[in-house]
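Residues per chain are reported as follows:
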Amino acid sequence: MDTIIESLPMLWEGLKMTLYIFAIAIVLGFLIGLIMALLRLAPFKVLNWIAKIFIDAIRGTPFIVQLFFIYFGLNSFSWVSLDNVWAGIVTVAINAGAYFAEIIRAGIQSIDKGQTEAARSLGLNQSQNMRYIILPQAFRRMLPTITNQAIISLKDTSLLSIIGVADLTQRGRVIVSATFEPFTIYLALGVMYFIIIYLLSLLSSYLERRFVLR
Amino acid sequence: MSMIQVSNLKKSFGDLEVIKDMSTAVEPSEVVCVIGPSGSGKSTFLRCLNRLEEISGGHVYIDGADITDPKNNINEIRQKVGMVFQHFNLFPHMTVLENLTLAPIKLGKLKPDAAEKKALGLLDKVGLGAKAKSYPGELSGGQKQRVAIARSLAMDPKVMLFDEPTSALDPEMVGDVLGVMKDLAKEGMTMIVVTHEMGFAAEVADRVLFIDGGYIVEENIPNELFGNPQHERTKAFLSKVL
Ligand SMILES: Nc1ncnc2c1ncn2[C@@H]1O[C@H](COP(=O)(O)OP(=O)(O)O)[C@@H](O)[C@H]1O
Ligand SMILES: [Mg+2]
């Protein structure tokens, strides 16, 4: 018990780092996903292909390889200098973005064609139709799957400890190597991740109830 | 000048030639009903008029403007052409009022206050003033369709297109919707109505078009078309539906 109390300030620092990385990466990832989904559905073959290649490449390779590619691979060019935190953020964002893209694309396609026809017949152009009619309905429908991907991405951030990012997992490892109490410390880590994820799913069900399709 | 002019319209889906050659004109304040067998291309014809379908050949002019001319902005042309669908297609995430005000506000036609005032007036007119704050999911089919008509009217269209507006409704709801459409016709709205309601066509239409096999087989005033059809195909169709 004492070990845990003594290590709480350090774990708190780690938790803040994890949440910082997660918050930025998930917002960037969502934007990447939205852009890729729209490119995937755009009426231009070239754009469809660019998005498809990106999505397939990310979904078809392991997260760790993507992380090493960005942190070690890209950093080997003189004009790239990403510190380990930003390399981690970029990797989580790109990785989540590829999955978000498919979720958003499926969400957009799940909306009845009649919605677009009604909007266009009123004189709204395609981007107004997306913005006011399709995306608001699609997002409500996608919320559970989006939350699911956000939870996976949060768990992925623990892999950033491999490149030395001082996140929650990395702090835990440091404390374990100093205290030799892996059982207590890793249990505490697990509980902390669990609580964040539990809060995320609470937030998601709140939003779902709030924006339920009437 | 005709409100709508269709000349040598053609429309194919891949190898399927749905509209082979159709020409007609609709004058301001005219009410034209379109009848024909299921699958004969009635919806396709209507959807070509506001370019929801890209036409394969010929020309469509709305109020003098060629809808496929790249110099004309199709979104501006569509603002003049209201469309009412068989399945209503209301926006389920918005209140009834928001369904009516979205387009006028976002397209810069009216300020929010004015759009709301106009919308409430239109809802009163279709008998749904009390439903402004409801969501479409809380309405019956007949109420939804009346909201859909009001939504189109909120843009002050010059023409209204109706694609079987009552065929998804329970029988007891049909009368209210047809009533709203009759009022519109009386006020002088130019209307094209695809319908199976022969009674409505006989009562309200200035002219009835019978479509079959990719052509306008016959068009005439309702009395003549229903009472004295000239073509075998018209006779065969009418003997089934009358
Ligand atoms: N988007 C489409 N793609 C392929 N075929 C279509 C499409 N829309 C309609 N059709 C076909 O065109 C024909 C006419 O359809 P439609 O205009 O809906 O007929 P109606 O409204 O008279 O029942 C039908 O054979 C239908 O299957
Ligand atoms: Mg039809």
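What you see is a predicted model; the values in this text were computed from it and never measured.

Q: Quick one: what's the story with the overall build of chain B, residue by residue and with numbers?
A: Of regular secondary structure, chain B possesses 9 helices and 10 strands. Radius of gyration (C-alpha) of chain B: 18 Å, near the 18 Å computed for a compact globule of 242 residues. For the C-alpha atoms alone, the extent of chain B along its principal axes is close to 55 × 45 × 35 Å. The buried share of chain B, taken over its 242 residues, is 56%. Contacts in chain B between residues at least 24 apart in sequence constitute 65% of all its contacts with a sequence separation of at least 6. Total accessible area on chain B is roughly 10,200 Å²; 47% of this is exposed by carbon and sulfur atoms. One finds the centroid of the 27 positive side-chain charges in chain B at a distance of 4 Å from the centroid of its 32 negative side-chain charges.

Q: Account for the side chain of Ser161(A), naming residues and giving values.
A: Residues and elements named next belong to chain A. Structurally, the position occupied by Ser161 is in the loop between helix H6 (126–156) and helix H7 (168–179). There is a polar contact of 2.8 Å between the side chain of Ser161 and the backbone oxygen of Ser158. A distance of 3.3 Å separates polar atoms of two side chains, one belonging to Ser161 and the other to Arg173. Residues in contact with Ser161, not counting those within four places in the same chain, are Asp167, Thr169, Gln170 and Arg173.

Q: Let's hear about the packing of helix H4 (residues 112–125) of chain B against helix H5 (residues 141–153) of chain B: which residues, and what values?
A: All names here are of chain B. Two elements in contact, H4 and H5, have axes separated by 9 Å at closest approach and are oriented at 140°. Classified by the interaxial angle, the pair formed by H4 and H5 is oblique. Remark: the crossing between H4 and H5 carries right-handed chirality. Along its contact with H4, which presents Lys118, Leu122 and Leu123, the element H5 presents Val147, Ala150 and Leu153. Across the contact of H4 with H5, the residue classes tally to 5 nonpolar, no polar and 1 charged.

Q: So what about the confidence of the model for chain A? Which residues, and what values?
A: Here chain A shows a mean pLDDT of 94. Residues at 70 or above account for 98%. Element-level mean pLDDT values for chain A span from 93 in helix H8 (residues 182–210) of chain A up to 98 in helix H5 (residues 113–122) of chain A.

Q: Hey, could you go over the nonpolar core for me, with residue numbers and the actual values?
A: Ile133(A), Ile4(B), Leu9(B), Phe45(B), Leu49(B) and Leu161(B) are the most contacted members of the largest nonpolar core, which totals 74 residues. The element contributing the most residues to this core is H6(A), with 11 residues. One finds Ile149(B), Ala154(B), Phe162(B) and Phe226(B) within the second-largest nonpolar core, a separate group that totals 48 residues.

Q: Quick one: what's the story with H6(A), residue by residue and with numbers?
A: Residues and elements named next belong to chain A. Between its terminal C-alpha atoms H6 stretches only 36 Å, short of the 45 Å expected from 31 residues at 1.5 Å a residue. Residue Met142 marks the point of greatest curvature in H6, where the axis turns by about 55°; the proline Pro144 follows within four residues. The N-terminus of H6 is capped by Asn125, whose side-chain oxygen sits 3.1 Å from the backbone nitrogen of Ser127.

Q: For the packing of aromatic side chains, give the residues involved together with the corresponding values.
A: Following the criterion strictly, the structure yields 7 aromatic pairs over all chains and no others. Residues Phe30(A) and Phe100(A) carry aromatic rings whose centres are separated by 5.6 Å and whose planes lie at 70° to one another, so their mutual orientation is edge-to-face. Of this pair, Phe30(A) sits in helix H1 (residues 2–41) while Phe100(A) sits in helix H4 (residues 84–109), and the two are 70 residues apart along the sequence. Ring centres of Phe210(B) and Phe237(B) lie 5.2 Å apart, and the angle between their planes is 35°; on these two criteria the pair is classed as tilted. Here Phe210(B), found in strand S9 (residues 207–212), pairs with Phe237(B), found in helix H9 (residues 232–241); they are 27 residues apart in sequence, far enough to count as distant. By relative accessible area, which is 0% here, Phe210(B) ends up buried. One cation-aromatic arrangement involves Arg151(B) over Phe91(B); the distance from NZ or CZ to the ring centre is 4.4 Å.

Q: Account for the UniProt feature "domain: ABC transporter" (unreviewed entry) in chain B, with residues named and values stated.
A: Taken from the UniProt record, the annotation "domain: ABC transporter" (unreviewed entry) applies to residues 4–238 of chain B. The annotated region residues 4–238 of chain B carries 37% helix and 26% strand content, and the separation between its end C-alpha atoms amounts to 27 Å.

Q: Report on unusual backbone geometry, specifying residues and quantitative values.
A: Residues and elements named next belong to chain B. The backbone of Asn8 shows a phi angle near 50°, a positive value even though the residue is not glycine. Position of Asn8 relative to the elements: it lies in strand S1 (residues 4–13). Judged by its relative accessible area of 40%, Asn8 is partly exposed. Positive phi, close to 50°, is recorded for Asp156, a residue that is not glycine. Tracing the sequence through the fold places Asp156 in the loop between H5 and strand S7 (159–163).

Q: Mind laying out the UniProt feature "domain: ABC transmembrane type-1" (unreviewed entry) in chain A, listing which residues take part and the relevant values?
A: The UniProt feature table records "domain: ABC transmembrane type-1" (unreviewed entry) at residues 15–204 of chain A. From the first C-alpha to the last, residues 15–204 of chain A spans 21 Å; its make-up is 82% helix and 0% strand.

Q: I'd like a rundown of the interface of chain A and chain B, residues and numbers included.
A: Facing the 20 residues of chain A at the interface are 24 residues of chain B. Here chain A meets chain B over a buried area of about 2,000 Å², counting both sides, of which 61% is carbon and sulfur. Run the count over chain A and chain B and you get 1 salt bridge. Salt-bridge contacts for Arg47(B) lead to Glu117(A); the nearest nitrogen and oxygen are separated by 2.9 Å. The tally of links between chain A and chain B comes to 6 residue pairs in polar contact (both at pLDDT 80 or more).

Parameters and conventions
Residues numbered from 1 in each chain as written. Chains lettered and ligands numbered in written order. Predicted model: local features only at pLDDT ≥ 70, side-chain atom pairs only at ≥ 80, totals over all residues. Heavy atoms only, no water. Helix = DSSP H or I, 4+ residues; strand = E, 2+ residues; numbered from the N terminus. Rg over C-alpha atoms; globule rule 2.2 N^0.38 Å. Buried < 20%, exposed > 50% of the residue type's maximum accessible area, 1.4 Å probe, protein only. Contact = heavy atoms within 4.5 Å. Areas by Shrake-Rupley, 256 points an atom, 1.4 Å probe, with all protein chains shown as cover. Lys, Arg positive; Asp, Glu negative; His and termini not counted. Charge placed at Lys NZ, Arg CZ, Asp CG, Glu CD. Polar contact = N/O pair within 3.5 Å; in protein donor to acceptor, adjacent residues only side chain to side chain. Axes fitted to C-alpha atoms, helices over the stretch in contact; angles between N-to-C directions. Parallel < 35°, antiparallel > 145°, perpendicular 65-115°, else oblique. Left-handed = near helix turned anticlockwise from the far one by under 90°. Nonpolar A, V, L, I, M, F, W, Y, C, P; charged D, E, K, R; others polar. pLDDT = per-residue confidence, 0-100. Core = buried A, V, L, I, M, F, W, Y, C linked by side-chain atoms within 4.5 Å. Expected span 1.5 Å × (residues − 1). Bend = angle between axes of the 7 residues up to and from the residue. Phe/Tyr/Trp six-rings, centres within 6.5 Å; stacked < 30°, edge-to-face > 60°. Lys NZ or Arg CZ within 6 Å of the ring centre and 35° of its normal. UniProt positions renumbered as here; feature names shortened; annotations may be inferred. Buried area = accessible area lost by both parts, 1.4 Å probe. Salt bridge = Lys/Arg side-chain N within 4 Å of Asp/Glu carboxyl O.

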